[in-house]
Amino acid sequence: MSIYEWMNERIDLDSVKKFALKKRVPIFYGSVWYYLGGVSLFLFMVQVFTGILLILYYQPGAETAYESVKFIISRVEFGWLIREVHSWSANLFILFAFFHMFTVFFAKAYRKPREMTWVTGMILLMLSLGFGFSGYLLPWNELAYFATKVGSDIAGAVPVIGDFALRLLRAGDEVSGATLTRFYGIHTALLPGMFTVVLGIHLILVQVQGMSVPPEIEKIPEEKRKSIPFFPDFALQDAMAWLIVLNLIALLAVFFPWDLGPKADPLASAPAGIKPEWYFMFMFQTLKYIPAHVLFIEGELFGIMLFSIGGLIWFLVPFLDKKANDGIRTPFWTWFGILLIIYMIVLTAWGYLT
Amino acid sequence: MSNLTKTEIKKERRSFLNTILKTGLVAWVASVIYPVARFLVPPKTAELNVNNIDLGLVAEFPKNSSKIVRFGRKPIIVIRKESGDFKALEATCTHLDCNVQFKKETEQIWCACHNGLYDIEGKNISGPPPKPLAQFKVDIAREKIIVSKMDLS
Ligand code: HEM
Ligand code: FES
């Protein structure tokens, strides 16, 4: 008796198999988009794997964190590789998650019945940014120190809950060793746990509802549309994409290492040319050009309001773009997406060029 | 009472029990969340009560230079101008909390984070900072630099 049969007698694997084999992937001009979510998933798995390896040597604490990362990259065999892969894969992870989000947006895949898939996806993106923000502090270098000061100070400017949020994030009034311990816990326990649960829901929804196609393709009669089975055809293509991405990470890790930079020093001036991670750059750049006061509100608060409202609209797109349910593309939402991308690219480029 | 039917009594009893259950559930959730929320916010550490700090001899502080030092828990920036006068200001930018730096060439104070600029008196003159930097008092006593809090009088 094979293991499969043995288990099948006990938990009815046949029905799971039947379900898996039923799934098909539509083939049309946009089929490559279907790789993006899968690649994001793969990169998350790389993060979990390399992150757990890093935990084995990393020591949080203002006196030990920087030293332990230095130890990892200079003394531990292949330590440099593990850290580089974790850093590069983190960046690609966010990049692919953004790509994935925008393709899904323009394909209008969020329309009924997939609203919850969009919402869980947005939660995953927020958690990913949280991973990036909390992980960035862990090496306890100069850049990370000031980035965290700025980031947590922004939280402190939120009306009513600001003070509470700031102390909650910093574990005190200043960014200190206590903040580092807290970020370590958030980065390696809280976020992985939350992410795994939401990711599970996101993937179950995708499995149960199948792949969506853009409204134009949906209008073609079912028999005329092309598709391939998910198992094994598409799964193999997915594996191929993952392999390519893994090679890309290896190349980047070897040829473009991330600098550790000088250790954080609470009594140093913020260095010229200080920048946040690229995915926060467009917000950073916006904050730089909002004047000290806009009407009667402080510029800082104005910026926060701008991004909260923008974020909320984006979060609720499936419920605001009602026409999408009937397969209609409203120019408003198309332009909203296009302008958002242009805004993000222009401000990011601007931030790096000036 | 007597004119209530059996099912009506049952219904009433059920909704009563439901209310009790729901209240109990809410109370239970609150009694879990409250201590957790309190746990997450660290205890206030006593403000280090520093009234003044001694920065050493005047002669050892070069003209047209600056130093960031700790005043209690806060960093402050102490500047010696070209003229030889001293100036002490809080070192954290009023915009988003970065540590500022002294620009020798222009005798201004600059914040690298979002290009905020203050004049030597700590007044915000351009960029995003919304407020001036808080002032500290500098006294010279027996050739020593003593920085203390501004008295509010
Ligand atoms: C279970 C999952 C994860 C674990 C256990 C983990 C663990 C760690 C540890 C121990 C460090 C400190 C070592 C170091 O700084 O090199 C670190 C750094 C970092 N992590 Fe993670 N991580 C996880 C997932 C992620 C994810 C999903 C991201 C995605 C954005 C991420 C982004 C970062 C970044 C940007 C750093 C700083 C890297 C550096 O400059 O050295 N991590 N992580
Ligand atoms: S923190 Fe100083 S200008 Fe923004």
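Being a predicted model, the structure only gives us computed values, none of them experimental.

Break down the overall build of chain A for me, citing the residues and quoting the values.
Helix and strand content of chain A: 15 helices and four strands. The C-alpha atoms of chain A give 23 Å as radius of gyration, which agrees with the globular expectation for 354 residues (20 Å, within 12%). Projected onto the principal axes, the alpha-carbon positions of chain A cover approximately 70 × 60 × 40 Å. The contacts of chain A with a sequence gap of at least 6 include a subset with a gap of at least 24, amounting to 77%.

Can you tell me about the overall build of chain B, naming the residues and giving the values?
When you go through chain B residue by residue, the secondary structure sums to one helix and 10 strands. The N-to-C order of helical and strand elements in chain B reads α-β-β-β-β-β-β-β-β-β-β. The C-alpha radius of gyration of chain B comes to 30 Å, more than 25% above the 15 Å expected for a compact globule of 153 residues. Structurally, chain B occupies a C-alpha span of about 100 × 35 × 30 Å along its principal axes. For chain B, the residues scored as buried account for 37% of the 153 residues in total.

Tell me what's going on with the pairing of strand E4 (residues 86-90) of chain B, and back it up with residues and numbers.
Residues and elements named next belong to chain B. Most of E4 is tucked away: five of the five residues are buried. Across five bridges, the pairing between strand E3 (residues 74-80) and E4 is antiparallel. Counterpart to Val78 in the pairing with E4 is Ala88. The antiparallel hairpin formed by E3 and E4 contains five residues in its connecting segment, where Gly84 sits at a positive phi of about 100°. Note: E4 against strand E9 (residues 135-141), two bridges, orientation antiparallel. Across the sheet, the residue bridging to Ala88 is Phe136, located in E9.

Got a sec to walk through the packing of aromatic side chains? Specific residues and values, please.
Residues and elements named next belong to chain A. This structure, assessed with the given rule, holds 39 aromatic pairs over all chains. Measuring from centroid to centroid gives 6.2 Å for Phe28 and Tyr34, while their planes differ by 70°, and the two rings are edge-to-face. The same class applies to Phe28 and to Tyr34, which are both buried. By the ring-pair criterion, three or more aromatic residues cluster together here, those being Phe102, Phe105, Phe106, Tyr110, Trp118, Trp314, Phe332, Trp333 and Phe336. The lysine or arginine in question, Arg10, covers the ring of Trp6, its NZ or CZ lying 3.9 Å from the ring centre. Lys23 extends its terminal NZ or CZ atom over the ring of Phe230, reaching a point 4.5 Å from the ring centre.

Outline the environment of B:Asn64, listing residues and values.
Residue and element names in this part refer to chain B. Residue placement: Asn64 occurs in the loop between strand E1 (52-57) and strand E2 (65-71). As a C-alpha pair, Asn64 and Ser83 span 19 residues in sequence and 8.1 Å in three-dimensional space. Among the polar contacts made by the side chain of Asn64, one reaches the side chain of Glu82 at a distance of 3.3 Å.

Before we move on, can you summarise the interface of chain B and chain A with the specific residues and values?
Taken together, the contact pairs 29 residues of chain B with 29 residues of chain A. Carbon and sulfur atoms supply 58% of the area that chain B and chain A bury against each other, a total of about 2,400 Å² over both sides. Remark: the boundary between chain B and chain A carries two salt bridges. A salt bridge links A:Lys149 to B:Asp97; the nearest nitrogen and oxygen atoms lie 3.8 Å apart.

Mind laying out the domain arrangement of chain B, listing which residues take part and the relevant values?
Domain parsing of chain B yields domain 1 (1-44) and domain 2 (52-149). The straight-line distance from the C-alpha centre of domain 1 of chain B to that of domain 2 of chain B is 58 Å.

Give a description of the sheet that holds E4(B) that names residues and reports values.
Residue and element names in this part refer to chain B. Taken in spatial order, the six strands line up as E1-E10-E9-E4-E3-E2 in an open sheet, and their pairing is antiparallel. Looking at which strands have only one partner, the edges of the open sheet turn out to be E1 and E2. Taken over all neighbouring pairs, the strand axes of this sheet differ in orientation by 25° on average, direction set aside.

I'd love a proper account of the packing of helix H3 (residues 33-55) of chain A against helix H11 (residues 230-255) of chain A, names of residues and values included.
Residue and element names in this part refer to chain A. At a minimum axis distance of 9 Å, the contact between H3 and H11 shows a crossing angle of 55°. Taken as axis vectors, H3 and H11 run oblique relative to one another. Where H3 crosses over H11, the two elements pack in a sense that is right-handed. Contacts between H3 and H11 involve Tyr34, Tyr35, Gly38, Val39, Leu41, Phe42, Leu43 and Met45 on the former and, on the latter, Phe234, Gln237, Asp238, Ala241, Trp242, Val245, Leu246 and Ile249.

Talk me through the site of ligand 1; I want residue IDs and the actual numbers.
Residues and elements named next belong to chain A. Looking at ligand 1, there are 24 residues lining it, with Gln47, Arg83, His86, Gly135 and His187 nearest. Between Arg83 and ligand 1, the recorded distance is 2.6 Å, taken from a side-chain N or O atom to an oxygen atom. Separating a nitrogen atom of ligand 1 from a side-chain N or O atom of His86 is a distance of 2.8 Å. The set of elements that each furnish at least two residues to the shell around ligand 1 consists of H3, helix H5 (79-106), helix H6 (115-137) and helix H9 (177-209). If you tally residues by element for the shell around ligand 1, the top one is H3, at seven residues. Residue composition of the shell around ligand 1, by class: 13 nonpolar, nine polar and two charged.

Tell me about the pattern of salt bridges, residues and numbers included.
For the structure on display, the rule yields 12 salt bridges over all chains. Residues A:Glu216 and A:Arg329 are paired through a salt bridge, measuring 2.6 Å at the closest nitrogen-oxygen approach. Here A:Glu216, found in helix H10 (residues 215-218), pairs with A:Arg329, found in the loop between helix H14 (317-320) and helix H15 (331-353); they are 113 residues apart in sequence, far enough to count as distant. According to the relative accessible area criterion, A:Glu216 is partly exposed, its value standing at 35%. On the basis of relative accessibility, which here comes to 33%, the residue A:Arg329 falls in the partly exposed class. Members of the salt-bridge network, linked through shared partners, are A:Lys149, A:Asp153, A:Arg170 and B:Asp97.

Explain the sheet that holds strand E8 (residues 124-126) of chain B to me, using residue names and the numbers behind them.
Residue and element names in this part refer to chain B. In space, the four strands of this open sheet follow the order E5-E6-E7-E8, with antiparallel pairing throughout. Edge positions in the sheet fall to strand E5 (101-103) and E8, since each has one partner strand and no second. Here the average twist between neighbouring strands, direction ignored, is 40°. Pairing geometry for E5 and strand E6 (residues 108-111), over three bridges, is antiparallel. Looking at E6, one finds that Lys103 is bridged to Gln108.

Thresholds, definitions, all that
Note that residues are indexed from 1 along each chain, following the sequence as it is written. The order in which chains are written sets their letters, starting at A; the order in which ligands are written sets their numbers, starting at 1. Only residues with pLDDT of at least 70 are given local features in this predicted model, and only at 80 or more are side-chain atom pairs given and counted; all residues enter the totals for whole chains, interfaces and linings. With hydrogens and water excluded, all non-hydrogen atoms of the structure serve as input to the side-chain values. Going along the chain from the N terminus, every DSSP run of H or I of four or more residues is numbered as a helix, and every run of E of two or more is numbered as a strand. Put simply, the radius of gyration uses C-alpha atoms, and a globule should come to 2.2 Å times the residue count raised to 0.38. The contact criterion used throughout is that any non-hydrogen atoms of two residues lie within 4.5 Å. Buried residues are those whose accessible area, probed at 1.4 Å on protein chains only, stays under 20% of the maximum for their type, while exposed residues exceed 50% and partly exposed ones sit between those limits. At least two bridges found by DSSP between two strands is the condition for calling them paired. Each Phe, Tyr or Trp ring (for Trp, its six-membered ring) is paired with any other whose centre lies within 6.5 Å, and the angle between the two planes then decides the class: stacked below 30 degrees, edge-to-face above 60, tilted in between. Here, over-ring charges are defined by two tests on the NZ atom of lysine or the CZ atom of arginine: distance to the ring centre within 6 Å, and angle to the ring normal within 35 degrees. Polar contact criterion, stated in full: a pair of N or O atoms within 3.5 Å, where within protein one must be able to donate a hydrogen and the other to accept it, and residues adjacent in sequence count only if both atoms are side-chain atoms. What counts as buried area is the accessible surface, traced by a 1.4 Å probe, that two parts surrender upon association, with contributions from both included. One speaks of a salt bridge when a side-chain nitrogen belonging to Lys or Arg is within 4 Å of a carboxyl oxygen belonging to Asp or Glu. Segmentation of the chain into domains, including their bounds, is taken from an automatic or database domain assignment. For helices, the fitted line uses only the C-alpha atoms of the stretch in contact; every axis is such a line through C-alpha atoms, and the angle between N-to-C directions lies from 0 to 180 degrees. Orientation is classified from the angle alone, with under 35 degrees giving roughly parallel, over 145 giving roughly antiparallel, 65 to 115 giving roughly perpendicular, and any other angle giving oblique. The handedness criterion is simple: a crossing whose near helix is rotated anticlockwise from the far helix by less than a right angle is left-handed, and one whose near helix is rotated clockwise is right-handed. Being near a molecule or strand, for a residue, comes down to having at least one heavy atom within 4 Å of it. When residues are grouped by polarity, Ala, Val, Leu, Ile, Met, Phe, Trp, Tyr, Cys and Pro land in nonpolar, Asp, Glu, Lys and Arg in charged, and all others, Gly among them, in polar.

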